[in-house]
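Structure at a glance
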Amino acid sequence: MTKPLQPPTRERRLNALSAYLGDVAALIAEFEDGPPVTRIRTFSQVAVDDVSAALRVLIEVDGLGIVVHGARGCAGALASARVDRPWAVTNLDQRDTILGADGALARTLRQLHHRYRPWAIMVVATPVVAINNDDIQSVAEELSDELGIPIIELRTDGFRSRVAATGFDVAAQAIAALVPPGHSRRRDLVNLLAFERGPGLAGIVQAVESLGLEVNVFPVGAGAKEFAKAAQAAVSVAVFEDETDALRRELDRLHGVPFLRLPPPIGIVATQHLVAAIAAATERPAPPSAAAAADVQILNGRSIVVALPPSHAFAVAELVDRFGGELVGLSVDWIDSLHLGGANDYLVKGEFDAVLLERSMRYAARNADALAELDRRLLESRATARQLMEQTKRRAAAEADVLQVLRQTMTEQEAERQRIAREMHDNLGQSVTLVQLGLDSIVRTAPAHSEIADKAASLKRITHDMSRSLHRIAWEVRPTALDALGLEDAIGQLVAEWEPHCSLTFDLHFGIGDRRLPPDVESALYRVIQEGITNVVRHAHATRVGVILETRGSELICIVEDDGCGVPEVEAGAAGKSSRRLGLLGMRERLALVNGTVELESHPEKGTALFARVPLG
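Some words on the overall build of the protein chain
Helix and strand counts for the protein chain come out as 23 helices and 15 strands. Taken over 617 residues, the protein chain has a buried fraction of 43%. Contacts in the protein chain between residues at least 24 apart in sequence constitute 70% of all its contacts with a sequence separation of at least 6.

Details of the packing of helix α9 (residues 201-209) against helix α12 (residues 268-281)
Between α9 and α12, the shortest axis-to-axis distance is 10 Å and the interhelical angle comes to 35°. Between α9 and α12 the crossing geometry is right-handed. Touching I204, A207 and V208 of α9 are L274, V275 and I278, all from α12. Looking at the contact of α9 with α12 residue by residue, the class counts come to six nonpolar, no polar and no charged.

Let's talk about the pattern of salt bridges
Counted according to the given criterion, the structure contains 21 salt bridges. E241 is the partner of R261 in a salt bridge, and the nearest nitrogen-oxygen pair spans 2.5 Å. Highlighted residues: R261 in the loop between β8 (259-260) and α12 and E241 in helix α11 (residues 241-255), separated in sequence by 20 residues. On the accessibility criterion, E241 (13% relative accessible area) is buried.

Brief notes about the sheet that holds strand β4 (residues 151-154)
Reading across from one edge, β2-β1-β3-β4 is the order of the four strands in this open sheet, with parallel pairing throughout. The strands lining the two open edges of the sheet, one partner per strand, are β2 (87-89) and β4. Strand-to-strand, the axes of this sheet are offset by a mean angle of 20°, without reference to chain direction. Along the sheet, helix α5 (residues 102-116) contacts β1 (64-69), β2, β3 (120-125) and β4; its crossing angle with β1, the most-contacted strand, is approximately 155°.

Considering the sheet that holds β8
Reading across the sheet, the four strands line up as β6-β5-β7-β8 and stay open at both edges, with parallel pairing between neighbours. Every other strand in the sheet has two partners, leaving β6 (214-219) and β8 as the edge strands with one partner each. Pairing geometry for strand β7 (residues 233-238) and β8, over two bridges, is parallel. Within β8, the position partnered with V237 by the bridge is L260.

Section: the packing of helix α19 (residues 487-498) against helix α20 (residues 519-540)
Here α19 crosses α20 at 20°, and the two axes come no closer than 10 Å. Of the possible angle classes, the one that applies to α19 and α20 is roughly parallel. Two packed elements cross with a definite hand, and for α19 against α20 that hand is right-handed. Where α19 abuts α20, its residues L487, A490, I491, L494, V495 and W498 lie against E522, L525, Y526, I529, Q530, I533, T534 and V537. Of the residues assigned to the contact of α19 with α20, the class counts are 11 nonpolar, two polar and one charged.

A look at the pairing of β6
In terms of residue burial, β6 counts as a mostly covered element, since five of its six residues are buried. Bridge count between strand β5 (residues 186-194) and β6: six bridges; the pairing is parallel. In the strand pairing of β6, L192 is matched with V217. Each parallel crossover has a hand, and for β5 linked through α9 to β6 it is right-handed.

Thoughts on the environment of L591
With respect to the element layout, L591 can be found in helix α23 (residues 584-592). Considered as a pair, L591 and R613 are 22 residues apart in the sequence and their alpha carbons are 8.3 Å apart. Apart from residues no more than four positions distant in its own chain, L591 is found in contact with A524, L525, V528, G596, T597, V598, A612 and V614.

Considering the packing of aromatic side chains
By the definition in use, this model includes three aromatic pairs. Aromatic pair W119 and F227: ring centres 4.9 Å apart, planes at 65°, arrangement edge-to-face. You can see W119 sitting in the loop between α5 and β3 and its partner F227 sitting in helix α10 (residues 224-230), a full 108 residues away along the chain. Residue W119 is classed as partly exposed on the basis of its relative accessible area of 22%. Among the aromatic residues, those joined into a ring-pair cluster are W119, F218 and F227.

Structural notes on the nonpolar core
Counting residues in hydrophobic clusters, the biggest one holds 49 residues, and the most contacted among them are L58, M122, L154, F218 and L247. The element contributing the most residues to this core is helix α8 (residues 165-177), with eight residues. In this structure, L58 is in contact with L64, I66, M122, V124, L154, A171 and I175, ignoring residues within four places of it in sequence.

A short note on the environment of T108
Within the fold, T108 resides in helix α5. Expressed as a C-alpha distance, the spacing of T108 and H69, which sit 39 residues apart in the sequence, is 9.2 Å. Residues contacting T108, with those up to four places away along its chain left out, are V67, A88, V89 and T90.

Examining α20
Because the α-helix completes a turn every 3.6 residues, residues three or four places apart line up on one side. For α20, which comprises 22 residues, the first-to-last C-alpha distance of 30 Å matches the rise-based estimate of 32 Å (1.5 Å per residue) to within 8%. Once α20 ends, the next one or two residues include H541, with phi positive near 55°.

What about the side chain of T534?
Along the chain, the position of T534 falls in helix α20. Taking the relative accessible area as the measure of exposure, T534 reaches 11% and is therefore buried. Within the structure, T534 has its side chain in polar contact with the backbone oxygen of Q530 (distance 2.8 Å).

Topic: α9
Among the residues of α9, those classed as buried are L201, I204, V205 and V208. Looking straight down α9, one finds that the buried residues subtend no more than 100° of arc, so they occupy a single side. Along α9, the residues that are exposed and aim more than 90 degrees away from the buried face are A202 and Q206. For α9, the secondary structure elements touched by its buried residues are β5, β6 and α12.

What counts, and at which threshold
- Residues numbered from 1 in each chain as written.
- Predicted model: local features only at pLDDT ≥ 70, side-chain atom pairs only at ≥ 80, totals over all residues.
- Heavy atoms only, no water.
- Helix = DSSP H or I, 4+ residues; strand = E, 2+ residues; numbered from the N terminus.
- Buried < 20%, exposed > 50% of the residue type's maximum accessible area, 1.4 Å probe, protein only.
- Contact = heavy atoms within 4.5 Å.
- Axes fitted to C-alpha atoms, helices over the stretch in contact; angles between N-to-C directions.
- Left-handed = near helix turned anticlockwise from the far one by under 90°.
- Nonpolar A, V, L, I, M, F, W, Y, C, P; charged D, E, K, R; others polar.
- Salt bridge = Lys/Arg side-chain N within 4 Å of Asp/Glu carboxyl O.
- Pairing = 2+ DSSP bridges.
- Parallel < 35°, antiparallel > 145°, perpendicular 65-115°, else oblique.
- Right-handed = clockwise from strand over helix to strand, strands pointing away.
- Phe/Tyr/Trp six-rings, centres within 6.5 Å; stacked < 30°, edge-to-face > 60°.
- Core = buried A, V, L, I, M, F, W, Y, C linked by side-chain atoms within 4.5 Å.
- Expected span 1.5 Å × (residues − 1).
- Polar contact = N/O pair within 3.5 Å; in protein donor to acceptor, adjacent residues only side chain to side chain.
- Arc of directions from axis to C-beta.

Dropping the structure here:
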């Protein structure tokens, strides 16, 4: 699935302002003379950010899965969603911001798909992802192929834009990417673009349907079927243009669906205007106009301040004038180039005094102490993050030192084993052989069946047992075949030594041939196999044991498996005690020195398998 491009912010695309205190004439003059002076509120405890705005749009799409890739609080906008809405959060923590969280994202995507079976999934990035720079796109492409549904990255970050409406644009672009190409244009189909379910939406749909048209409400309440229709519509019309501006542009750019720019249908007159414009665009007979009723002067000259989203505010401002009120101020979350027409229309009705914005500024001053406390906490958090990073670096350095000491210890240990085995074979073995020769001479020269001959024969048997014990101990300390012939022959000798002393049947499968491995790799794998066979003999109550040694790709694989009673602690997930009893800690330490790993799998009465992997480089 292709990643949608990240749209420009509202500040950059439409010169949006989120802070202004003054009259409307000066504001319009600024926009008309060129880009206005940038006025952006950089912080507000109550302001919605682009992440929350995007989530409020996505949660209204039927059957669309949402994965919020970030901390739990980043999904706060979804807390009031209907219980049947398929959404999840990866719940990242401080560790994830340092090490990355691609694995958590893939796991959450699979779990969401397994539980809800959505027809598509949006992965919503958050400020956490902006910090650790996770490769969401790669995970999305891999899981899209695996699950067989579209998975799209929606990249918001909470701080790139100070105007929440940028979240509408990001969500719109991702939603448009889910619309499949239309094979034909339907003259009887109209897209009604809306991001929320307002109380008047059903009435607008009914009015447009009275023209004999099918209304595709999109994307609010839309599922896969409605998405498929969106590219076939004859025209798109927005309920509130400033919210869906990016969506109508994308439908036009990707699928050639034209767009009617109309005032929001608030009030009877505006709704009739919208229906008449759709009728003209679709070449339908114009609906009969309702008789114009005299406006009721219910406000009786009262001073009115309107505080609503921009499109709503300008439409309501007109109603205030019609109902006999005096518009003395508007407070809106933002204003941009799309609203210039509305501001011009209401210039004659009153000054554009942002009364509630001024009140918010007073609130901000009143809460200066709270803001200072937030700054202090932010500094403490940054200091903590730096400390964690330093601790991580120091721990990594300490682990590297420990690994180096362990590697040197193991190397010296194997060298000492080799020296001891050689001393036992050359010196002690030679001395025992000389004693045996002397006893042979005494037996030959002494009278038959004499006391001296019998004692010499008895001592000869004892020295013979001593010779065999010396050979066995020297072999256990360091098998000569491991140095002279290689790993496969050494394992063969190991099995040959065990077979006379146990009732096991051994199955050996070797796949490395005459290839000699590095000495440290051969030593490590030999000790692992030796310990594995010892565990089978002592604990497994098995009848068969298999040893597999082969290369798979760039790895050397070693498996020791049996058909014994298993290890119950491993099955139950409490393998700490068993690890000590079975020597797993020593195996892991040896294999770590050659960048290898070891795993133990066991099932009661079904046997145990020991898996060791060593990379070949």
